Amino acid sequence: MFAKWFRRRAAKDNQQGSGSRQVSRSYRRASAGLEFQGPMGAKLVRILAADSNSRVTVKQATEESPLESQVLRLIIRITALGCPFNALPACTKLHLAAVFSKKMEENRMLATVEDTVKYQLFLIPDESKDPGKHREILEKYIERIMTQFAPMLAPYIWQNQPFNLKYKPGKGGVPACMYGMTKFGDNIEDEWFIVYLIKQITKEFPELIARIEDNDGEFLLIEAADFLPKWLDPDNSANRVFFHHGELCIIPQPTNSETVSWLPTAPPTIPQALNIISAHPEKILASESIRAAVNRRIRGYPEKIQASLHRAHCFLPAGIAVVLKQRPRLVAAAVQAFYLRDPIDLRACRAFKTFLPETRIMTSVTFTKCLYAQLVQQRFVPDRRSGYRLPPPSHPQYRAHELGMKLAHGFEILCSKCSPHFSNSKKSLVTTSPLWASFLESLKKNDYFKGLIEDSTQYQERLEMAKNYFQLSVDGPESSLAMSPGEEILTMLQTVPFDIEELRKEEANLPPEDDDQWLELSPDQLDQLLQEAAGTNEPQPISKKEEEQSSDLTQVTESMKAFISKVSTHKGAELPREPSEAPITFDTDSFLNYLDKILGPKVQESDSDDLSEEDSEYLDSDDDLDLKMQEPGEEDSLKGTFDNLKSYMAQMDQELAHTSIGKSFTTRKQMNKDLSSQTTSNNSDEEDSAARDSVMSPVDVDLNLVSNILESYSSQAGLAGPASNLLQSMGVQLPDNRDHSYK
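Residues numbered from 1 in each chain as written. Predicted model: local features only at pLDDT ≥ 70, side-chain atom pairs only at ≥ 80, totals over all residues. Heavy atoms only, no water.

## What to know about the pattern of salt bridges
Consideration 1: Across all of its chains, the model carries 16 salt bridges by this definition.
Consideration 2: Note that arginine 327 and glutamate 488 form a salt bridge whose closest N and O atoms lie 2.8 Å from each other. Linking arginine 327 in the loop between helix H13 (318-326) and helix H14 (330-339) with glutamate 488 in helix H20 (residues 485-495), this pair joins segments that are 161 residues apart in sequence.
Consideration 3: On the basis of relative accessible area, arginine 327 is assigned to the buried category, the value being 9%.
Consideration 4: Note on glutamate 488: relative accessible area 4%, which makes it buried.
Consideration 5: When salt bridges with common partners are traced through the structure, they connect Arg399, Glu402, Lys406 and Asp516 into a single cluster. (Salt bridge = Lys/Arg side-chain N within 4 Å of Asp/Glu carboxyl O. Helix = DSSP H or I, 4+ residues; strand = E, 2+ residues; numbered from the N terminus. Buried < 20%, exposed > 50% of the residue type's maximum accessible area, 1.4 Å probe, protein only.)

And the structure:
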């Protein structure tokens, strides 16, 4: 059931309510009885309650965040028409404020949960009672973690946001921890790379316990959904999944038959979970199959990082080539700006002001495969006024010209979003940060520079990469040094000198570009990827004789009967398992009931002899076991119920005898006629009697089932469909239809 619920990851309506955990404050205006939520609600209440200030000033609007500014700008527009805001009717003011306040809070919540992964690192044992001292300890751990993993993180190109850690004070029963949040966007590999990092961090620092989740919740359980125990479902999975000592841990739930003192019956709180893991680390390890499913997903790191990159030649302005040489990660922001462009963004690209087409050169650009695919697959024709012209598609460098044109549009869009007079204070070097000196010293201790000479070109490149990494992940985006991508690009164009002629001379020595055949998948490659994702081995080729022997049609009927016999609920139906996968269960109550039925001294007489064999089978089931233990009067009532049911069935058979419904089923009598007609011909009966015989004759259920499934399977013409999906889920493999005349 856990797998069925969690595999709806693509549904975006489940994101509401799972975003920011900030508890919104409520402000009530007593005279109106309306509620205003969030900090914006408080400001609107103060504005509405002001008796002396009847107008809202521009200064009040510009001090707010963009969403709050939109609300206040609407108020300013009203006052600009000559109507003071407080002169409006009270109901209008309150309604306007309540609507915009609620909408703003909804937008904030939705903006924080989409394609975002969150991670927390807790320190055990948490013995420090002084919050200030505990914060200092956690910040030291952040510095140690970020410097130790800097060689892996510094050159990494993130889709949207990098891996980062910062101190988060304790709140709401959650102890203080190291916290991070990354928006991975369309590149799901960023999320799994973070899972690998968290796993390695807890392995290198055994005193840390980590948990990780995204907007879908416990996505690690989603990956291992086929191997989870039945008791684990989305309702009781909160605060149970952690990483400790580099291994995945799942805090179990005590069963009804056992009481474990250290296991809470309800989902544990974070402090409870940390105590359980620190006290019983060997008892909360996830099963081998669950850990193998998660490890399979992160297998290959850190070598997989290089495999996820794609190098391509691009014909783009020299300024962009210089920027990407210093800041390779900015290619992600440029691709996203182009990929998510709107008509307003394209206005800036009608006439390029920053990256002129006359300065274009051929250079090599490193993308992630996700970014490269996004850039290549979008068809785009530049505006004639932009000055960018593409050669014919048959030109050998058409792809390089097209990629360069698209990247130039992305960089121009980023720069157009910057104010022409952005703050010069942001141009300060990262070396002015008080954390930079200790961070650089930690990098040297961890052999980040690989023994390079300080004045060498390679040393300076790694130093520049470290500064970029420090600015993004260590110093934090909240720092005063943080700049938008557009501001960073403009700053580099002003501070980094370059010579276009020298760059053009380097065109002859460009490294070869990578082959992009991975964009095209053959059916066999797709099947292999699906099998690897499902954790199954590639099936070995079998002979025609073995294929025919393995496709026994009796397996179809037996599997279907097993599927129908399963009990389904609102959560779905369970597919029959393979014998090797079926769990061993023992129900003591049912076993004792069977013993009482067979050996008990007071066995009641049963009227089951008067019932059909099929009805007796129903009475022998577990659900109807207690029906045989009824009083004699109740047994007579039960017999009468079955007699009435038989009477209704007989009447239905009589009515159906005069219709053609019986002809749609194959009966045993018709099968006998078909067999005898191969040697002798029989005279046909009248239509009514034939229909009557076809209805009254027993229906061959197995034959009708198999024939209908085969007909549905054949109509799929080798494609996916309901028949093949159902049979494959039950482990039944049918051979290809070689009789194309079958309909």
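## Points about the sheet that holds strand E6 (residues 208-214)
Consideration 1: Strand order in the open sheet made by the 6 strands is E4-E5-E3-E6-E7-E8, with antiparallel pairing throughout. The sheet is open, and its two borders are formed by strand E4 (166-168) and strand E8 (247-250), each paired with just one other strand. In this sheet, adjacent strand axes meet at a mean angle of 35° when their direction is disregarded.
Consideration 2: Here 2 bridges tie E6 to strand E7 (residues 241-244), and the two strands are oriented antiparallel to one another. (Pairing = 2+ DSSP bridges. Axes fitted to C-alpha atoms, helices over the stretch in contact; angles between N-to-C directions.)

## Structural notes on the nonpolar core
Consideration 1: Core analysis: the biggest nonpolar cluster contains 63 residues, and Ile145, Phe163, Phe193, Ile212 and Leu220 have the highest contact counts within it.
Consideration 2: Top element by residues in this core is helix H8 (residues 188-204). It accounts for 8 residues.
Consideration 3: Ignoring any residue separated from it by four or fewer positions in sequence, one finds isoleucine 145 in contact with Leu121, Leu165, Met178, Ile201, Phe205 and Leu208. (Core = buried A, V, L, I, M, F, W, Y, C linked by side-chain atoms within 4.5 Å. Contact = heavy atoms within 4.5 Å.)

## Side note on a nonpolar patch on the surface
Consideration 1: The grouping of Leu656, Ile661, Phe665, Val699 and Val701 at the surface amounts to a nonpolar patch, some 400 Å² of accessible area in total.
Consideration 2: Relative to the helices and strands, valine 701 resides in helix H30 (residues 701-715).
Consideration 3: Relative accessible area serves as the criterion here: at 57%, valine 701 is assigned to the exposed category. (Patch = residues over 30% accessible without salt bridge, like charges linked within 9 Å, V, L, I, M, F, W, Y side chains within 5 Å. Areas by Shrake-Rupley, 256 points an atom, 1.4 Å probe, with all protein chains shown as cover.)

## Focus: the side chain of arginine 240
Consideration 1: Relative to the helices and strands, arginine 240 resides in the loop between helix H9 (219-223) and E7.
Consideration 2: Buried charge without a salt bridge: arginine 240, with aspartate 233 as the nearest opposite-charge side chain at an N-O distance of 8.0 Å.
Consideration 3: Discounting chain neighbours no more than four positions away, the residues touching arginine 240 are Trp231, Leu232, Cys249, Ile250, Ile251, Pro252, Gln253, Ala266, Pro267 and Pro268. (Lys, Arg positive; Asp, Glu negative; His and termini not counted.)

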